[in-house]
Amino acid sequence: MSKTKALFAFTSPRTIEKIIPEIKILSENFEGQKWSGNDQVQIDFFQTLFDSEYYEGDTFPSNPALAARDRITRAPKALGFVDLKPTVKLTEAGKLLLAEKRLDETFTRQLLKFQLPSPYHTKSKTVDFSVKPYLELLRLVKVLGSISKTEIALFFSQLTNYNDFEKIVSKIKDFQKNSKPYKGSRKMYVAECFENEILEIFHQEVQDKKLKTRESSDTSLQKFIKTKRANMKDYADAFVRYIRATELVTFQKRTFRLIISPQKVEEVNYILKGVDRKPSVFKNTSEFKNYLFNPFSIKLLSDNKELLIKQIENLGLYEFDRTISIEELKDILDRLRISVKSKNIEEKKKELKDYKELPDILDVFEQIKKKEVPDAPLFLEWNVWRALVMLNYAKRVDGNFIMDIDGMPLNYAPGQKPDIESEYTDFGIITEVTMSGGNTQYKMESESVPRHFGKAKELLNKEMYCLFVAPKISEGTLAHYFNLNRFNTKLYGGKTKIIPLSIDQFIEFIKSGIENKFNNPEKLKNWLERQWLNNQKMEDENVWSENIDKSILKWAS
């Protein structure tokens, strides 16, 4: 941290939940072994992770020891889930995490303890760091009412000392106010603001012409600004992903700005009032570890029995035993919240079925294509699900991605499940979505999609189809599915029936269904079956793809 000028977030793993299987593999296979400076153990760990069901991707890194350190010595170590010195050891916080009970609570406790400086992050030579970043980000969302990822990148990243909080609030308000009279486009305005802030944060480097970045030998000012802007955006993305795991914040409908969850206002107020803003000072690393590894060294509202009982009553339950333990009371609250979440999702489904949300769904697709949403792959899963629910006349349309209590997308569908499952009387559809393209798309989706298809077909025991949706269908993916649909593969339940659609084609598909007042699932089944039959007889994948495109406008007529 000696040269750091701004806040940094954990970009590895990309989502905080991925820490769980990775520290499980580490503790089960390497507990008690020396980690620091032990390349062989690091390589062995990465190999074990690579061979496991949890690893995404099929490329083995050229430097597995570095890749292992990237996975373990950042978030898992800094958030106190593993101890790496003198040897590998799962901490009490880590054990609680692996129990996977009330994950939002565990993540909240550990994120609130992350502070700069700390015995793990030595003092900067140039900046007076004094901040608990996740605590102050929570405060910022509360004080402003909402915050965008761009505002986090531009301004929150500069909150290196909690005493500068009001200064950062003023900067954000000025940014919002000055955007209105700006003559150029919003994109130009944001780019200009990034340049100004970067030149201010790194004025010494610019003055001394120390413009070389790790990523490039290009030492131009333009390249320096471009690299710093990309880093700030990556960190903002990581801050949003990690703080979302606390479930204390959610996304505002339509704007997708970060807001305090209406269901969690009391909990946030309790934290902001009770957690000291000033980073703790520790006599030594051992004292710091005792604090960090103890999952209950930070008190949350749910640790207060009186307030916990009040929360249960606020959700409409009055007949329960108030003498039971705090953990048992938390179990009651969890069940109530699951019930609230289920009701919210059912309400959302009802709202979608009258087509009023169509303009919003189309607008979100445009934002996804431009990557103007907080997490494009997750929002694509959510928005495709919304569109399929709107199409209606299915027995069920279930998104396997995880939603928060407010019905906004929180996390991806687990790796073993399709993104979306639709069931009709005599057939089923799984829908798989991806934001990847080119060779990456083929690598990521060539095996998992047909595997999910085969499993779904076996479980449902009905005729099964698959819609595959991506911004653009790559040549390799198209050719692969074209051929896979023609051959019997036992693993996939015979011949697959995968129909690839670009996002634009999927939009036209949904619009055609709504314009033609779709109300007969048989028409949908006939169209899907026809695309597959064409696949069997057409000369190549390009002819097949063109034929799908031509048929979309008429499928529901």
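See above for the structure.
The structure contained in this document is the topic of the report that follows.

Each value, and the rule that gives it
- Residues numbered from 1 in each chain as written.
- Predicted model: local features only at pLDDT ≥ 70, side-chain atom pairs only at ≥ 80, totals over all residues.
- Heavy atoms only, no water.
- Helix = DSSP H or I, 4+ residues; strand = E, 2+ residues; numbered from the N terminus.
- Rg over C-alpha atoms; globule rule 2.2 N^0.38 Å.
- Buried < 20%, exposed > 50% of the residue type's maximum accessible area, 1.4 Å probe, protein only.
- Areas by Shrake-Rupley, 256 points an atom, 1.4 Å probe, with all protein chains shown as cover.
- Lys, Arg positive; Asp, Glu negative; His and termini not counted.
- Charge placed at Lys NZ, Arg CZ, Asp CG, Glu CD.
- Core = buried A, V, L, I, M, F, W, Y, C linked by side-chain atoms within 4.5 Å.
- Contact = heavy atoms within 4.5 Å.
- Phe/Tyr/Trp six-rings, centres within 6.5 Å; stacked < 30°, edge-to-face > 60°.
- Lys NZ or Arg CZ within 6 Å of the ring centre and 35° of its normal.
- Expected span 1.5 Å × (residues − 1).

### A closer look at the overall build of the chain
Here's step 1: Looking only at helices and strands, the chain features 24 helices and 11 strands.
Here's step 2: In terms of overall size, the chain behaves like a compact globule, its C-alpha atoms giving a radius of gyration of 25 Å where 557 residues would be expected to give roughly 24 Å.
Here's step 3: On the principal axes, the C-alpha backbone points of the chain span a range of 75 × 70 × 60 Å.
Here's step 4: The buried share of the chain, taken over its 557 residues, is 53%.
Here's step 5: Accessible area for the chain stands at about 26300 Å²; split by element, carbon and sulfur atoms hold 50% of it.
Here's step 6: Positive and negative side-chain charges of the chain, numbering 90 and 80 respectively, have mean locations separated by a distance of 3 Å.

### Digging into the nonpolar core
Here's step 1: Core analysis: the largest hydrophobic core is formed by 161 residues, its most contacted members being Trp385, Phe506 and Phe509.
Here's step 2: Among the elements that make up this core, the one with the highest residue count is helix α18 (residues 376–391) (12 residues).
Here's step 3: With residues up to four places along the chain from it excluded, the contact list for Phe506 reads Phe365, Val384, Ala387, Leu388, Val469 and Leu501.
Here's step 4: Counting nine residues, the second-largest nonpolar core is a separate cluster that includes Ile312, Phe320, Leu333 and Leu336.

### Details of the packing of aromatic side chains
Here's step 1: For the structure shown, the criterion picks out 36 aromatic pairs.
Here's step 2: Note on Phe468 and Tyr481: the rings are 5.3 Å apart at their centroids and 75° apart in plane angle, and the pair reads as edge-to-face. Within this pair, whereas Phe468 is found in strand β10 (residues 463–470), its partner Tyr481 is found in helix α21 (residues 475–484), the two being separated by 13 residues in sequence. For the pair formed by Phe468 and Tyr481, the shared burial category is buried.
Here's step 3: What links up through ring pairs into an aromatic cluster is the set Phe8, Phe10, Phe114, Tyr134, Phe156, Phe239 and Tyr242.
Here's step 4: One Lys or Arg, Arg322, reaches over the ring of Phe320 and ends 4.2 Å from the middle of that ring.
Here's step 5: Cation over ring: Lys497 sits above Trp532, and NZ or CZ is 4.2 Å from the ring centre.

### Thoughts on helix α17 (residues 358–369)
One turn of the α-helix equals 3.6 residues, which is why residues spaced by three or four share an orientation.
Here's step 1: Across its 12 residues, α17 extends 17 Å between first and last C-alpha, which sits within 8% of the 16 Å expected from 1.5 Å per residue.
Here's step 2: By the burial criterion, the buried members of α17 are Leu358, Asp360, Ile361, Val364, Phe365, Gln367 and Ile368.
Here's step 3: Looking at the buried positions of α17, the neighbouring elements they touch are α16 (326–352), α18 and α22 (503–515).
Here's step 4: Note on α17: the residue one or two positions beyond its end, Lys371, has a positive phi of about 60°.

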